[in-house]
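Chain by chain, the residues:
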2 protein chains.
Amino acid sequence: MISKSQISLIKKLCLKKQRRKTNLFIAEGQKVVQECISEKLKIHRLYSLESLDKCDSQLISTQEMRKISNFKTPSEILGLFEIPSLGKMKIQKIDIVLDRIQDPANLGTIIRLCDWFGFQQLICSEDSVDCYHPKVVQASMGSISRVRCHYRNLQNYFQNQTRAVYGTSSQGVSLNDFAFEEAFVLLFGNESKGISKNLYTEISKWISVDKYSKKNTVDSLNVASVVGICMYKIRNENHYYN
Amino acid sequence: MISKSQISLIKKLCLKKQRRKTNLFIAEGQKVVQECISEKLKIHRLYSLESLDKCDSQLISTQEMRKISNFKTPSEILGLFEIPSLGKMKIQKIDIVLDRIQDPANLGTIIRLCDWFGFQQLICSEDSVDCYHPKVVQASMGSISRVRCHYRNLQNYFQNQTRAVYGTSSQGVSLNDFAFEEAFVLLFGNESKGISKNLYTEISKWISVDKYSKKNTVDSLNVASVVGICMYKIRNENHYYN
């Protein structure tokens, strides 16, 4: 059984304001919930269709799960977890910075890429989509439990920046022949508008993934695709440690 | 004004069966509709909030657009286009093959990647998501108008295959050091299950994108991320022409 107030809380957690107020977020599906548990995120409550091996959960019916699920086909398990404390931003050789990413699936995929390529933190402009949005958590496939997203005013962040700042666009120098320095900031912009104009002065070099289409009309790649390709290239060039 | 029968047709086009029956698909949003028009796809009908410069369209209200739109925030334009004739599968040096891709956003992103990296066709198993699914069209950002998706029984496709067949998984040889042959087939599998077991015997080599996370729990990348990284690597190694 699930109470009305529990349903109401879960519905509210789709809103950033309510997540901040309660310090809780929703993780759904076997894999994502499992990752949050493995990473020792504090469980507020688990709802499941069947009893679980290692955790206490509240058993609910498929019909009840349908009421609280964000999926078309409701999953067998949905968990409410405490948002882990963020801690201070670490000083690292390479910073990955996102400016105004709006699509939750893109941010989730980027968080998953960070996790795979060993970037433990991500810096996002304050107007980027919230990393605890249910669809971000879902697309991250649980990687949100390991990657820390710091939301910052990017103009302040760039003040006193001494490292090279590489901006990605469709009209920069070719990534193929590009040699990254040892320490740098790599900046990616909004899905349709790219990087904010007020950050242009911060950029030391613009880089692009080369296009091999013969048609001029093909004008951009998905931002998460560009992030993946850049991370592959960075790690492939022996920037193994951050 | 939009009639009830028009609304009913548009709703029906969310189903593959109806798309096949009518030979129509839905494209939504300025960018996607524009690409379909530029590529000279036959327009069945355009619905827009304001009159268009170069095309005839049926003017409808925001409320009517809300009824037919697949977006949360309805766009200014929605078009019904004829599904272009597929033609014969071209014989090319490199074939990109997808086995059981289910997520429309993944297929759309992969089609966009094909377009960017100059792969004009894509081979999909018959049980992959339909490339004219509204969400695929959307995620392809119009690239569906240029990339041809051939749906095939993959076991038949692989019969008489003389090229090397590379399968992607999380446990193959490192992509970093891998040298692609001049002609080959590159196979990607389902989001959670990977490549079908009955295709294993076709695979000459398994390849993987190297992981740099120190944690063992990170177990996979998004399939579209892997496709993007592989295509970058292929083109970067001077396989310029297909």
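Residues numbered from 1 in each chain as written. Chains lettered and ligands numbered in written order. Predicted model: local features only at pLDDT ≥ 70, side-chain atom pairs only at ≥ 80, totals over all residues. Heavy atoms only, no water.

Participant: How would you explain the overall build of chain A if you had to name every residue and give the values?
Facilitator: Looking only at helices and strands, chain A has 8 helices and 10 strands in total. Against the compact-globule benchmark of 18 Å for 242 residues, chain A has a radius of gyration of 20 Å, which places it among compact chains. Based on the C-alpha atoms only, the size of chain A along its principal axes is roughly 60 × 40 × 30 Å. The contacts in chain A between residues at least 6 apart in sequence include a share of 76% that link residues at least 24 apart. (Helix = DSSP H or I, 4+ residues; strand = E, 2+ residues; numbered from the N terminus. Rg over C-alpha atoms; globule rule 2.2 N^0.38 Å. Contact = heavy atoms within 4.5 Å.)

Participant: Mind laying out the environment of aspartate 115 of chain B, listing which residues take part and the relevant values?
Facilitator: Residue position: aspartate 115 of chain B is located in helix H5 (residues 104–116). A sequence separation of 31 residues divides aspartate 115 of chain B from arginine 146 of chain B, and the C-alpha atoms of the two residues are 7.0 Å apart. Those residues within four positions of aspartate 115 of chain B in sequence are excluded, and the remaining contacts are Ser213 and Val218 of chain A together with Ser143, Arg146 and Val147 of chain B.

Participant: Explain the pattern of salt bridges to me, using residue names and the numbers behind them.
Facilitator: Scanning the entire structure with this criterion turns up 20 salt bridges over all chains. Residue aspartate 95 of chain A pairs with arginine 163 of chain A through a salt bridge whose shortest N-O separation is 2.9 Å. Taken together, the positions of aspartate 95 of chain A in strand E5 (residues 94–98) and arginine 163 of chain A in the loop between helix H7 (154–158) and strand E8 (164–174) put the pair 68 residues apart, joining distant regions of the chain. Across the pair, exposure class does not vary: aspartate 95 of chain A and arginine 163 of chain A are buried alike. Between arginine 146 of chain B and glutamate 35 of chain B there is a salt bridge, with the nearest N and O atoms lying 2.6 Å from each other. (Salt bridge = Lys/Arg side-chain N within 4 Å of Asp/Glu carboxyl O. Buried < 20%, exposed > 50% of the residue type's maximum accessible area, 1.4 Å probe, protein only.)

Participant: Give a description of the sheet that holds strand E1 (residues 24–28) of chain A that names residues and reports values.
Facilitator: Residue and element names in this part refer to chain A. The strand order across the open sheet built from 4 strands is E1-E4-E2-E3, with neighbouring strands paired in mixed fashion. Sheet topology places E1 and strand E3 (58–59) at the edges, where each strand pairs with a single neighbour. Of the strand pairs in this sheet, strand E2 (residues 43–48) and E3 are connected by 2 bridges, and their pairing is parallel. Pairing of tyrosine 47 across the sheet is with glutamine 58, part of E3. Against the sheet, helix H1 (residues 4–12) engages E1, E2, E3 and strand E4 (77–82), with an angle of about 110° to E2. (Pairing = 2+ DSSP bridges. Axes fitted to C-alpha atoms, helices over the stretch in contact; angles between N-to-C directions.)

Participant: Lay out the interface of chain B and chain A in plain terms, naming residues and giving numbers.
Facilitator: The partner chain A presents 36 residues to the 36 residues of chain B that form the contact. For the pair chain B and chain A, the summed buried area comes to about 3500 Å², and 59% of that belongs to carbon and sulfur atoms. Its largest share of buried area at the contact with chain A, chain B owes to Trp116, Tyr212 and Tyr232 of chain B, together 25% of the area lost on that side. For the interface between chain B and chain A, the tally reads 0 salt bridges. Residue assignment for the side of chain B that touches chain A shows that the elements contributing at least two residues are helix H3 (30–38), H5 and helix H8 (223–236) of chain B. With 7 residues, H8 of chain B is the single largest residue contributor to the side of chain B that touches chain A. Residue classes in the side of chain B that touches chain A are distributed as 11 nonpolar, 11 polar and 14 charged. (Buried area = accessible area lost by both parts, 1.4 Å probe. Nonpolar A, V, L, I, M, F, W, Y, C, P; charged D, E, K, R; others polar.)

Participant: Any chance you could break down H8 of chain B for me, citing the residues and the numbers?
Facilitator: Compared with an ideal rise of 1.5 Å per residue, which puts 14 residues at 20 Å, H8 of chain B spans 20 Å between its outermost C-alpha atoms and is within 8% of the ideal. Among the 14 residues that make up H8 of chain B, 13 are buried, leaving the element largely enclosed by the rest of the structure. (Expected span 1.5 Å × (residues − 1).)

Participant: Which residues make up the relation of the copies chain B and chain A, and what values do they have?
Facilitator: Rotating chain B by 180° and translating it 0.0 Å along the rotation axis places it on chain A, where the RMSD comes to 0.0 Å. Here the two chains are linked by the operation of a two-fold rotation axis. When each C-alpha of chain B is compared by its distance to the rotation axis, isoleucine 229 of chain B comes out closest, at 2.6 Å. Of the interface residues in chain B, 100% have counterparts in chain A that sit at the interface too, so the contact is made through matching surfaces. (Least-squares fit on C-alpha atoms with pLDDT ≥ 70 in both.)

Participant: I'd like a description of the confidence of the model for chain A, backed by residues and values.
Facilitator: Residues at a pLDDT of 70 or more form 98% of chain A, whose mean pLDDT is 93. For this predicted complex, the interface confidence score (ipTM) comes to 0.93, while the overall pTM stands at 0.95. (pLDDT = per-residue confidence, 0-100.)

Participant: Outline the packing of helix H5 (residues 104–116) of chain A against helix H8 (residues 223–236) of chain A, supporting the account with residue identities and numerical values.
Facilitator: All names here are of chain A. Viewed as axis vectors pointing N to C, H5 and H8 meet at an angle of 10°, and their least axial separation amounts to 9 Å. In terms of their interaxial angle, H5 and H8 are classed as roughly parallel. Here H5 contributes Asn106, Thr109, Ile110, Leu113 and Cys114 to the contact with H8, which in turn contributes Val223, Ala224, Val227, Gly228 and Met231. Among the residues forming the contact of H5 with H8, the class breakdown is 7 nonpolar, 3 polar and no charged. (Parallel < 35°, antiparallel > 145°, perpendicular 65-115°, else oblique.)

Participant: Got a sec to walk through the side chain of serine 208 of chain A? Specific residues and values, please.
Facilitator: Residues and elements named next belong to chain A. Mapping serine 208 onto the fold places it in strand E10 (residues 205–208). Of the polar contacts made by the side chain of serine 208, one reaches the backbone nitrogen of glutamine 171; its length is 3.2 Å. Aside from chain neighbours lying at most four places away, what touches serine 208 is Ser169, Ser170, Gln171, Gly172, Val173, Ser174 and Leu175. (Polar contact = N/O pair within 3.5 Å; in protein donor to acceptor, adjacent residues only side chain to side chain.)

Participant: Describe the packing of aromatic side chains, with residues and values.
Facilitator: To describe a pair of aromatic rings, one takes the distance between the centres and the angle between the planes. Counted according to the given criterion, the structure contains 21 aromatic pairs over all chains. Between phenylalanine 178 of chain B and phenylalanine 180 of chain B the ring centres are 5.2 Å apart and the planes differ by 85°, which places this aromatic pair in the edge-to-face class. Here phenylalanine 178 of chain B and phenylalanine 180 of chain B have matching classes, each one buried. Through successive ring pairs, a cluster of aromatic residues spans Tyr166, Phe178, Phe180 and Phe184 of chain A. (Phe/Tyr/Trp six-rings, centres within 6.5 Å; stacked < 30°, edge-to-face > 60°.)

Participant: An account of the sheet that holds strand E9 (residues 184–188) of chain A is requested, with residue identities and associated values reported.
Facilitator: Note on sheets: strands pair through backbone hydrogen bonds, and any given pair is parallel or antiparallel. Residues and elements named next belong to chain A. Pairing is parallel across the open sheet formed by 6 strands, whose spatial order is E7-E6-E5-E9-E8-E10. In the strand order of this sheet, the two ends are held by strand E7 (148–152) and E10, each with one partner. Pairwise comparison of adjacent strand axes, ignoring direction, gives a mean angle of 35° for this sheet. The pairing of E8 with E10 spans 5 bridges and is classified as parallel.

Participant: Can you lay out a positive patch on the surface for me, pointing to particular residues and giving the numbers?
Facilitator: Together, Lys72 and Lys135 of chain A together with Lys72 and Lys135 of chain B give the surface a local cluster of positive charge. By secondary structure assignment, the location of lysine 135 of chain A is in helix H6 (residues 134–139). On the accessibility criterion, lysine 135 of chain A (49% relative accessible area) is partly exposed. (Patch = residues over 30% accessible without salt bridge, like charges linked within 9 Å, V, L, I, M, F, W, Y side chains within 5 Å. Areas by Shrake-Rupley, 256 points an atom, 1.4 Å probe, with all protein chains shown as cover. Lys, Arg positive; Asp, Glu negative; His and termini not counted. Charge placed at Lys NZ, Arg CZ, Asp CG, Glu CD.)

Participant: So what's going on with the environment of arginine 66 of chain A? Residues and values would help.
Facilitator: Residues and elements named next belong to chain A. Summarising the element assignment, arginine 66 is placed in helix H4 (residues 62–68). Taking the relative accessible area as the measure of exposure, arginine 66 reaches 52% and is therefore exposed. Along the sequence, arginine 66 and tyrosine 132 sit 66 residues apart, while their C-alpha atoms lie 21 Å from each other.

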